[in-house]
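Residues per chain, in single letters:
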Amino acid sequence: MSASRATGKKARGTGPAAAASPAQWAARYEQVALVLQGGGALGAYQCGVCEALQQAGIHPHWLAGTSIGAINAALLAGNAPEHRIERLQTFWREITRLGNAVAWPFEAVARAAAWLPPTQAVSAGLSAASAIGSVALGQHGFFEPRAISPLAYADGSAQATSLYDTRPLKRTLERLVDFDRINHGSVRLAVGAANIDTGNVRYFDSALEPLRAEHIMASAALPPAFPAIEIDGKAYWDGGIVSNTPLDYVLAAQPRRDSLVFQVDLWSARGLRPQTLMDVLERQKDIQYSSRTRYGTDTVAREQKLRNALGRLIESLPDGKLPAQLEADLQPWLCDRVFNIVHLIYQAKHHEEQYKDYAFGASAMREHWRSGLDDMQRTLEREDFFSVPERSLGVVTHDIHRAFAQTQTP
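What counts, and where the lines are drawn
Residues numbered from 1 in each chain as written. Predicted model: local features only at pLDDT ≥ 70, side-chain atom pairs only at ≥ 80, totals over all residues. Heavy atoms only, no water. Helix = DSSP H or I, 4+ residues; strand = E, 2+ residues; numbered from the N terminus. Buried < 20%, exposed > 50% of the residue type's maximum accessible area, 1.4 Å probe, protein only. Areas by Shrake-Rupley, 256 points an atom, 1.4 Å probe, with all protein chains shown as cover. Axes fitted to C-alpha atoms, helices over the stretch in contact; angles between N-to-C directions. Left-handed = near helix turned anticlockwise from the far one by under 90°. Contact = heavy atoms within 4.5 Å. Nonpolar A, V, L, I, M, F, W, Y, C, P; charged D, E, K, R; others polar. Core = buried A, V, L, I, M, F, W, Y, C linked by side-chain atoms within 4.5 Å.

The name an unreviewed UniProt entry gives the protein chain is NTE family protein, with Dokdonella immobilis as the organism.

Student: Describe the overall build of the protein chain, with residues and values.
Tutor: The helix and strand inventory of the protein chain stands at 17 helices and 11 strands. Expressed as a percentage of the 410 residues in the protein chain, the buried residues total 51%. Approximately 19200 Å² of the protein chain is accessible, and the part contributed by carbon and sulfur atoms is 56%.

Student: So, the packing of helix 3 (residues 44-55) against helix 4 (residues 68-77): which residues are in play, and what are the values?
Tutor: Interaxial distance between helix 3 and helix 4 falls to 10 Å at its minimum, and their mutual angle equals 30°. Both helix 3 and helix 4 take part in a crossing whose hand is right-handed. Two secondary-structure elements touch here, helix 3 through Gln-46, Cys-47 and Cys-50 and helix 4 through Ile-68, Gly-69, Asn-72 and Leu-76. When grouped by side-chain class, the residues that make up the contact of helix 3 with helix 4 number four nonpolar, three polar and no charged.

Student: For unusual backbone geometry, give the residues involved together with the corresponding values.
Tutor: Following Pro-223, the chain continues into Pro-224 via a peptide bond in cis, with omega recorded as -5°. With respect to the helices and strands, Pro-224 occurs in the loop between helix 11 (213-219) and strand 7 (229-231). Its identity as a non-glycine residue notwithstanding, Ser-67 has a phi of 60°, on the positive side. The topology assignment puts Ser-67 in the loop between strand 2 (62-66) and helix 4. Given a relative accessible area of 11%, Ser-67 falls into the buried group.

Student: I'd like to hear about the side chain of Glu-94, residue by residue, with values.
Tutor: On the secondary structure map, Glu-94 appears in helix 5 (residues 84-95). Classification of Glu-94 as buried rests on a relative accessible area of 17%. Setting aside residues up to four positions removed in sequence, Glu-94 forms contacts with His-140, Thr-172 and Arg-175.

Student: Describe the nonpolar core, and please don't skip the residues or the numbers.
Tutor: Soluble globular proteins: nonpolar side chains tend toward being buried together. In this structure, Leu-34, Ile-71, Phe-91, Trp-92, Leu-189, Ile-216 and Phe-262 are the most contacted members of the largest nonpolar core, which totals 78 residues. At eight residues, helix 4 tops the list of elements feeding residues into this core. The residues touching Leu-189, leaving out its near neighbours within four places in the chain, are Trp-62, Leu-63, Ala-73, Ala-74, Ala-77, Ile-182, Phe-204, Asp-205, Ser-206, Leu-211 and Ile-216. Counting 15 residues, the second-largest nonpolar core is a separate cluster that includes Ala-33, Val-35, Leu-251 and Phe-339.

So, in structure tokens, the structure goes:
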């Protein structure tokens, strides 16, 4: 039995095929997926990536996200293609406003600084001011600080177990996201959350169950800042505390399909050795929330290569058959699908510190958005990044920053 027959799908050819546009390059694949990592304020980088994909006419069939990635994914899946970037802009424009009437000193500083030369010192000052403002006052339409300290309670309630109230996020999601479209549309959405009782990741998937605002909020319920979200009697926190990158869930889905996967990460596993305590805090976050993405991708690649090799081994048998029981045991491992993972990783700026994920200022948001737009546009210039992998490889990965670094190596 061939690997192709085991999957119930006809294998596509892998020879080079000329294509006139990135949209046609993407059309070589049975499935296009967009995987969005968590990272708070850094999530605006993903919006720039999405804008470049929209401009190129590439519309993913499947969106998977964690935390802020889940929110961005919901905004995309819950709107018609022609309105998606507008909805992302509306959401990010709203949440970069501080959530309190006494925010005017912070906003006045930001407006004044906008007239100053964009030096590293000015950018660092704006980032620090926006982070302080976010902690003190919350963010409009996202979260607001509790009037009474959680230390005043010991009853297990949301007031006792979190610093901020996220009900504003629920109202924002219900206003900007059409959940009927998510649950009945052609785009699949999956968001990861951590079950507090078991410590395991649970993926809420529109292909398996109806989704609503609470599922998105559960994926973004980062403790101790945000309260757990209860769904069907179980409590959930931000999926990023277990696994911040839902790539494994997408690649493990059945039936497997030839897939082009855009994986957009907000934390880089690679970095410089810290020189100060602030550097230590930033580097610790980078390592923790990068979720060992490269290791996970390499593991998936090895497994898929083994699946492909196993299928070829069976086909090489004299009659191409195995004993019935052995064939049944091996069938889940037979697969000749291929995965092309195009990796985009936010590159932190020199002026950013360990608070970069909660520095929600408008200036930082625009900077992150531009970075994502630029990285994706440069990626779309590389037709070789979109070639369908040879089936003997199974999985290939591409990264515009890694490709650039290799060209600079003597």
